[in-house]
Amino acid sequence: MAYVPGGLSLLFGAIVGSRRQDYTMMQTARKVGQYDDKGELILYPVDRLASRG
């Protein structure tokens, strides 16, 4: 029973944190203008590092 609160908080933090990071990545890609020919955003894995800060 002692592990449940810590496990739930880690799970919740991972879900919320990843969604926030995806949102930040999309904002950064829009700001830089990373669009393909169809007008969709291009998101590269290396952009996760650049979106911090």
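Use the structure listed above.
Scoring rules and cut-offs
- Residues numbered from 1 in each chain as written.
- Predicted model: local features only at pLDDT ≥ 70, side-chain atom pairs only at ≥ 80, totals over all residues.
- Heavy atoms only, no water.
- Helix = DSSP H or I, 4+ residues; strand = E, 2+ residues; numbered from the N terminus.
- Rg over C-alpha atoms; globule rule 2.2 N^0.38 Å.
- Areas by Shrake-Rupley, 256 points an atom, 1.4 Å probe, with all protein chains shown as cover.
- Expected span 1.5 Å × (residues − 1).

## A few points about the overall build of the chain
Move 1: Each helix and strand counted, the chain has 2 helices and 0 strands in total.
Move 2: Expected size for 53 residues packed as a compact globule is a radius of gyration near 10 Å; at 15 Å, the chain overshoots this value by more than 25%.
Move 3: C-alpha extents for the chain along the principal axes are approximately 55 × 25 × 15 Å.
Move 4: Element-wise, carbon and sulfur atoms account for 62% of the exposed surface of the chain, whose accessible area totals about 4700 Å².

## Re the environment of Leu41
Move 1: Tracing the sequence through the fold places Leu41 in the loop between α1 (3–32) and α2 (47–50).
Move 2: Remark: the alpha-carbon pair of Leu41 and Gly6, spanning 35 residues in sequence, is separated by 36 Å.

## What to know about α1
Move 1: With 30 residues, α1 should cover 44 Å at 1.5 Å per step; its first-to-last C-alpha distance of 43 Å lies within 8% of that length.
Move 2: Looking at the residues trailing α1, positive phi occurs at Gly33, about 90°.

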